[in-house]
Amino acid sequence: MEILSVRNLCKKYEKFELRNVSFSLEPGYIMGFIGKNGAGKTTTLKSMLNLVRPDAGTVAMCGEEFRANELELKQRIGFMLGGVTFYPKQRLRVVTKVIRRFYDEWDDAVYEGYLRRFDLDPDKKVEELSAGMRVKYALTLALSYRPKLLLLDEPTSGLDPVSRDDVLELFQEIIEDGERSILFSTQITSDLEKCADYVTYIKNGEIVASSEKDDFTGAYRIVKGTGDQFTDELKQRLIGYKKNAFGFSGLVTAEDAPRVDHLETSPADIESIMIYFEKEHRE
Amino acid sequence: MDIVLSNTSGKPIYQQLFEQISAQIVKGELDRDYCLPPIRTVAKELRISVIPVKQAWEELERKGFIYTMAGKGCFVAPFKPRDLESKRNKLVLAKLKKDVAYYKELGLSLQQLLKLIRSHYDS
């Protein structure tokens, strides 16, 4: 059974539109949500949580339609959206006291455990925390009622490499029992190489791909060659390309790869796939 | 159970897992009915995603190295010494076929190949 299912989510703004965003996730997996700034990641997450009212589409979490069961479902999902804004002058223990009352399943032992693990001092004021500490605090709050599904908007941004590694390890611990899942957006593709099972890529408000990570990277190849080899016929096949003084590099689908086997080809990673997709139609 | 993954070998992760675990079973380093750790624990420990581990476990099961008990986990299949030998031979043959084809392509005769193998086997 799917723990998360998003079907044909649409939201139209004056200058931006989410078009038929669909993807799904089963329990026990981590999905990375990638896309350039402004591609629609946060809008998608907010639309899923009904913080932005979608024009069309359905969202189901833990097998239930979200909007019909919003209050009840929010007990079972943890979310963290960018720009964590807790009251800055208050101490963490006070903020926590307010928030814990919203959750029937709040577990103080779990909460204390994460405070220790993240080295968070409950007597500090929110404004005294570094950006990374704020993320860790927000994660602590989102995890302390042991939600089945976590929706996290850039949880690793602003964290140093060591803290990021801690957070990713924590993600793998969370899904270890096979019953919980995590969807998180990120700009740091190495985060995904480390722990994501699935990758969903959004571009200009539309999903380009949502698949197993290895299928996603396996679907493309990087191709390189000299200026002379950059023919019009080849250009047609390239999803995106970059020209330099000595030649070019570009991205082809794995299906097209045999047709360019006279050129130097290599496997593509998530980052280069994104870069070439965004370079589409650009000289 | 020992697993050491290489990021640079170019071999897919699931294949590395399969090869290392099947080798340990064939060599008798993992006893019959040894309980393999849950796939998500393996993923967490090795800092890789869940899916390649799942693929490796499925492959191990398909080839008869392990069996699954619903709700309990995966276990090393009971082998008679004769079975182990035939499993090992199958693994060796699969690799040997590929390698021999490659050597043939390079124009090596059987004599030359055997000579090379002899000189390297003990070193």
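Quick look at the structure, then. (Residues numbered from 1 in each chain as written. Chains lettered and ligands numbered in written order. Predicted model: local features only at pLDDT ≥ 70, side-chain atom pairs only at ≥ 80, totals over all residues. Heavy atoms only, no water.)

1. Observations concerning helix 3 (residues 50–62) of chain B
The α-helix winds at 3.6 residues per turn, so residues separated by three or four positions along the chain end up facing the same way. Residue and element names in this part refer to chain B. Put simply, the test is: By the criteria applied, helices consist of DSSP H or I runs no shorter than four residues and strands consist of E runs no shorter than two, each listed in order from the N terminus. By definition here, a helix of n residues has an expected span of 1.5 Å times n minus one. Relative accessible area decides the class of each residue, using a 1.4 Å probe on protein chains only: under 20% of the type maximum gives buried, over 50% gives exposed, and in between gives partly exposed.
Over its 13 residues, helix 3 runs 18 Å from end to end, which matches the ideal 18 Å to within 8%, given 1.5 Å per residue. Among all positions in helix 3, only Val-50, Ile-51, Pro-52, Val-53, Ala-56, Trp-57, Glu-59 and Leu-60 are buried. Immediately downstream of helix 3, the backbone of Gly-64 shows phi near 80°, a positive value.

2. Focus on the interface of chain B and chain A
Inclusion rule: Here a residue-residue contact requires only that any non-hydrogen atoms of the pair lie within 4.5 Å. Here's the idea: put two parts together, see how much 1.4 Å probe accessible area each one loses, and the total over both is what we call buried area. Only one rule defines a salt bridge in this text: a Lys or Arg side-chain nitrogen within 4 Å of an Asp or Glu carboxyl oxygen. The definition of a polar contact used here is a pair of N or O atoms within 3.5 Å, where within protein one atom must be able to donate a hydrogen and the other to accept one, and adjacent residues in sequence count solely through side-chain atom pairs.
Contact residues are listed per partner, giving 12 residues for chain B and 19 residues for chain A. When chain B packs against chain A, the two sides together hide about 1,200 Å² of surface, and 45% of this comes from carbon and sulfur. Summed over the three residues of chain B that lose the most area to chain A, namely B:Arg40, B:Lys44 and B:Arg47, the buried surface amounts to 55% of that side. Our enumeration of links across chain B and chain A arrives at 3 salt bridges. Between B:Arg47 and A:Glu169 there is a salt bridge, and its shortest N-O distance comes to 3.9 Å. Applying the counting rule to chain B against chain A returns 9 residue pairs in polar contact (both at pLDDT 80 or more). When contributions to the side of chain B that touches chain A are tallied by element, the ones reaching two or more residues are helix 2 (39–46) and helix 3 of chain B. With 5 residues, helix 3 of chain B is the largest single contributor of residues to the side of chain B that touches chain A.

3. Quick look at the sheet that holds strand 5 (residues 64–65) of chain A
Through backbone hydrogen bonds, the strands of a sheet pair up, either in parallel or in antiparallel fashion. Residues and elements named next belong to chain A. Rules: Strands are labelled as partners when DSSP assigns at least two bridges between them.
Pairing in this open sheet of 4 strands is antiparallel, and the strands run 2-1-4-5 from one edge to the other. A single partner strand is all that each edge strand has here, and the edge strands are strand 2 (17–25) and strand 5. Judged from the 2 bridges that link them, strand 4 (residues 56–61) and strand 5 form a sheet pairing that is antiparallel. Looking at the pairing, Met-61 lines up with Glu-64 of strand 5.

4. Description of the environment of A:Lys89
All names here are of chain A. Relative to the assigned elements, Lys-89 resides in the loop between strand 6 (77–80) and helix 3 (92–100). For the pair Lys-89 and Glu-128, spaced 39 residues apart in sequence, the C-alpha separation works out to 8.7 Å. Polar side-chain contacts of Lys-89 include one of 3.2 Å to the side chain of Glu-127.

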